[in-house]
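Descriptive analysis of the structure
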Amino acid sequence: KGFPFFLFFFSSFRPFHVEPTNIVDVNDDTQRVTDEASAMNKRIHYYSRLTSPADRALIAPDHVLPAPDEIYVYSPLGTAFKVDSCTDGYGKNSSLVTIFMIWNTMMGTSILSIPWGIKQAGFSSGIILILLMGILTLYCCYRVVKSRQMILLTDTSNWEFPDVCKYYFGSFGQWSSLLFSMVSLVGAMVVCWVLMSNFLFNTGKFIYNFVHDINVTDIVPGTNGSNKVICPSAASGHPPQNGSVMFSSGNRTGFELFEEWWDKSQTVPFYLIAVLLPLLNLKSPSFFAKFNVLGTVSVVYLIFLVTVKAAHLGIHLEFNWFTENEFFVPEFRILFPQLTGVLTLAFFIHNCVITLLQNNRNQENNVRDLSIAYFLVGLTYLYVGVIIFASFPSPPLSKECIEQNFLDNFPSDDIMSFVARIFLLFQMMTVYPLLGYLARVQLLRQLFGNAYP
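Values in this document were obtained by computation on a predicted structure and should not be read as measured data.

1. Some details on the overall build of the chain
Each helix and strand in the chain was counted, giving 13 helices and five strands. Within the chain, residue pairs in contact and separated by at least 24 positions form 78% of the contacts whose partners lie at least 6 positions apart. Total accessible area on the chain is roughly 23400 Å²; 65% of this is exposed by carbon and sulfur atoms.

Pasting the structure below:
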């Protein structure tokens, strides 16, 4: 089977159709093209010169163009051959890659806050809100994807969402949508940078303490045993934070030097530049998609961690529909808007979904792939949120002890939590370049008409 192929050699090679009867054996160095094939070549180029390439009003009709399986590479010198190594979807992503890319990009670190959100809303109302918000955001995202197809008589294949807003609302719609899109993308990049700095700092500190035999003892209330769970917010009136006392048997001068060069806010954020700056300068959207899919490994490990912890801690539930006691929260709470706020961001991908799906090899599967990705995201949120909330040991601890980042409910020397932070750091490093690519494409295309001017 032959496919379209573009080959330029001193501007003399161009895509061209040749009847099978006009092709000489590929191994024949003297293969030529007949007058009939050359006439078709001139006819196609005649259509292309009737108007500018940007105007699609006068393009070669379908009956002039050959079928996809009958397109060959042609040179005016007479060579015509098939190139089997190229396909229509070259440089595109499969549906599987697209689904996992959307899943990983949408997930982010919102998954760490879902148990806290369920605690704020109540167990039963939390489950209902996750389902309803997932359906609502999926429908809104579906309308965004379909918005280009509702515009007839205009080629919208390369349009971004601001272009759609411009079509319906004029320049105000274009630039306002671009502004809000940039705010959300840049804001997400800032949050990712802060989280990566935090994960990298804690990872480096754990490794240093382990290598130099520095014992860390948490000074917050918690359970006893090998599967310890702590309640940082109950330690004092200060904001939830893991307090600890360190006993070092190593060199104090070396420890102070480490503290100076491994600071959470003054040094560690700058170390990330060396890793992320080269990734931000890559141009291939296919690379970003495949690289982003690798971050799914961290989500899989997080699900594994939640399952193992729940198996050891057991289930601790008590259904109090409207009353609150010392250890449990009611099923319905007036604080439920805090969960809906978390879910609004957790399910948000609307401003860049068109850009992500443009690189899907099978465009007719966009809606199906988007729906599957949303289903996986919602299922993951439900599983992690419900399991962590249900297995949190109450008593002796209250459900109110569940932190906004549920990893903070495990001691600082917990090995599985340490590995989870490493995986989350890796996930953020796969998401960050994709967010930068989306922001660059949307901004530069609106300003210069080209993603790489």
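Now that the structure has been shown, we can carry on.
2. Some remarks on the state of the cysteines
Scanning the model with the defined rule gives one disulfide in all. Cysteine 231 shares a disulfide with cysteine 401; S-S distance 2.1 Å. Given an S-S torsion of about -80°, the disulfide between cysteine 231 and cysteine 401 has left-handed geometry. Residue cysteine 231 is located in the loop between strand 4 (214–218) and strand 5 (244–248), and its partner cysteine 401 is located in the loop between helix 12 (366–391) and helix 13 (415–448); the two are separated by 170 residues in the primary sequence.

3. Structural notes on helix 10 (residues 337–346)
What helix 10 keeps buried is the set Leu339, Thr340, Val342, Leu343 and Ala346. Buried residues of helix 10 fall within an arc of 160° about the axis and therefore sit on the same side. On its buried face, helix 10 sits against helix 2 (95–107), helix 3 (114–121), helix 4 (123–146) and helix 12.

4. Focus: helix 4
Owing to its 3.6 residues per turn, the α-helix brings residues three or four apart onto one side. Over its 24 residues, helix 4 extends 35 Å from the first C-alpha to the last, a length consistent with the 34 Å expected when each residue adds 1.5 Å. In this structure, the buried residues of helix 4 make contact with helix 3, helix 5 (161–211), helix 10, helix 11 (353–357) and helix 12.

5. Let's talk about the confidence of the model for the chain
Summing up the model confidence of the chain, the mean pLDDT is 75 and the portion of residues at 70 or higher is 71%. Low confidence marks residues 1–26, where pLDDT is under 50. Its contacts with residues over four positions away, or in another chain, come to 64 contacts. Low pLDDT (under 50) marks residues 74–90, which in the prediction has 38 contacts with non-local residues, meaning those over four places away or in another chain.

6. Considerations on the packing of helix 4 against helix 12
Between helix 4 and helix 12, the shortest axis-to-axis distance is 10 Å and the interhelical angle comes to 165°. The angle between helix 4 and helix 12 places the two elements in the roughly antiparallel class. Relative to helix 12, the crossing made by helix 4 is right-handed. Residues Phe123, Ile127, Ile130, Leu131, Gly134, Thr137, Leu138, Cys141, Tyr142, Val145 and Lys146 of helix 4 touch helix 12, and the partners they reach there are Asn366, Val367, Leu370, Ser371, Tyr374, Gly378, Tyr381, Leu382, Val386 and Phe389. Of the residues belonging to the contact of helix 4 with helix 12, the class tally is 15 nonpolar, five polar and one charged.

7. Focus on the environment of aspartate 413
Summarising the element assignment, aspartate 413 is placed in the loop between helix 12 and helix 13. Along the sequence, aspartate 413 and phenylalanine 210 sit 203 residues apart, while their C-alpha atoms lie 9.2 Å from each other.

8. Structural notes on empty space enclosed by the protein
Using the criterion set out here, one finds four cavities of 30 Å³ or more in the structure. If you add up the space inside the largest cavity, you get close to 60 Å³. Lining the largest cavity, in full, are Val229, Lys309, Leu313, Ile388, Ser391, Phe392, Pro393, Phe406, Asn409 and Phe410. Counted by class, the lining of the largest cavity contains seven nonpolar, two polar and one charged residues. Of the volumes computed, that of the second largest cavity is approximately 50 Å³. As for the second largest cavity, its lining consists of Phe123, Leu317, Glu318, Phe319, Phe328, Val329, Glu331, Phe389 and Lys399.

9. A word on the pattern of salt bridges
Summed over the entire model, instances satisfying the criterion amount to five salt bridges. A salt bridge links aspartate 414 to lysine 309, with the nearest nitrogen and oxygen atoms 2.9 Å apart. Of this pair, aspartate 414 sits in the loop between helix 12 and helix 13 while lysine 309 sits in helix 9 (residues 296–313), and the two are 105 residues apart along the sequence. Take aspartate 414 and lysine 309: they sit in the same class, and that class is buried.

10. A short note on the UniProt feature "transmembrane region" (unreviewed entry) in the chain
Those residues carrying the UniProt feature "transmembrane region" (unreviewed entry) are residues 96–116, 122–142, 178–201, 294–315, 335–357, 369–390 and 415–438 in this numbering. The span residues 178–201 carries 100% helix and 0% strand; its end-to-end C-alpha distance comes to 34 Å.

11. Focus: the packing of aromatic side chains
Tallied over the entire structure, the rule returns 15 aromatic pairs. Their ring planes at 35° and their centres at 6.4 Å tell us that tyrosine 139 and tyrosine 142 sit as a pair that is tilted. Residue tyrosine 139 and its partner tyrosine 142 are both found in helix 4; the two are separated by three residues, about one turn of the helix. Owing to a relative accessible area of 29%, tyrosine 142 belongs among the partly exposed residues under this scheme.

12. Remarks on unusual backbone geometry
One can expect most non-glycine residues to show negative phi and most peptide bonds to be in trans. Here the residue pair serine 394 and proline 395 is connected by a cis peptide bond, since its omega of -15° sits within 30 degrees of zero. Along the chain, proline 395 turns up in the loop between helix 12 and helix 13.

About the criteria used
- Residue positions are counted from 1 within each chain, in the order its sequence is given.
- Under the rules for a predicted model, residues below a pLDDT of 70 receive no local features and side-chain atom pairs below 80 are neither given nor counted, while totals for whole chains, interfaces and linings still include all residues.
- Excluding hydrogens and water, the side-chain figures rest on all heavy atoms present in the structure.
- Secondary structure elements are defined from DSSP: runs of H or I of at least 4 residues count as helices, runs of E of at least 2 residues count as strands, and each element is numbered from the N terminus.
- Residue contacts are defined here by distance: any two heavy atoms, one from each residue, within 4.5 Å place the two residues in contact.
- Each accessible area is a Shrake-Rupley result for a 1.4 Å probe, and residues are judged covered by the shown protein chains and nothing else.
- For this text, the term disulfide refers to a pair of cysteine sulfurs within 2.5 Å.
- Throughout, exposure labels follow a simple rule: accessible area from a 1.4 Å probe, protein chains only, divided by the maximum for the residue type, with under 20% read as buried, over 50% as exposed, and the rest as partly exposed.
- This arc describes the spread of directions from the helix axis toward the C-beta atoms.
- To estimate how far a helix should extend, the number of its residues minus one is multiplied by 1.5 Å.
- A score from 0 to 100, pLDDT tells how confident the predictor is in each residue.
- Lines fitted to C-alpha atoms define the axes, with helix axes restricted to the stretch in contact, and inter-axis angles between N-to-C directions lie between 0 and 180 degrees.
- Here is the rule for angles: anything less than 35 degrees is roughly parallel, anything more than 145 is roughly antiparallel, 65 through 115 is roughly perpendicular, and the remaining ranges are oblique.
- For any helix crossing, the convention is left-handed if the near helix is rotated counterclockwise from the far helix by under a right angle, and right-handed if that rotation is clockwise.
- Gly is put with the polar residues, along with every residue not named as nonpolar or charged; the nonpolar set is Ala, Val, Leu, Ile, Met, Phe, Trp, Tyr, Cys and Pro, and the charged set is Asp, Glu, Lys and Arg.
- Grid points spaced at 1 Å over the protein atoms alone were grouped into cavities, where a 1.4 Å probe fits but cannot get out, and pockets, open sets with protein on both sides within 12 Å along at least five of seven lines, with lining residues defined by an atom within 4 Å of a point.
- Grid points are joined across faces, edges and corners, and a volume is the space filled by probe spheres set on the points.
- A carboxyl oxygen of Asp or Glu within 4 Å of a side-chain nitrogen of Lys or Arg is what we treat as a salt bridge.
- UniProt positions are given in the numbering used here, feature names are shortened, and annotations may be inferred rather than shown by experiment.
- Between rings of Phe, Tyr and Trp, where Trp is taken as its six-membered ring, a pair exists when centres lie within 6.5 Å; planes separated by under 30 degrees are stacked, by over 60 edge-to-face, and by other angles tilted.

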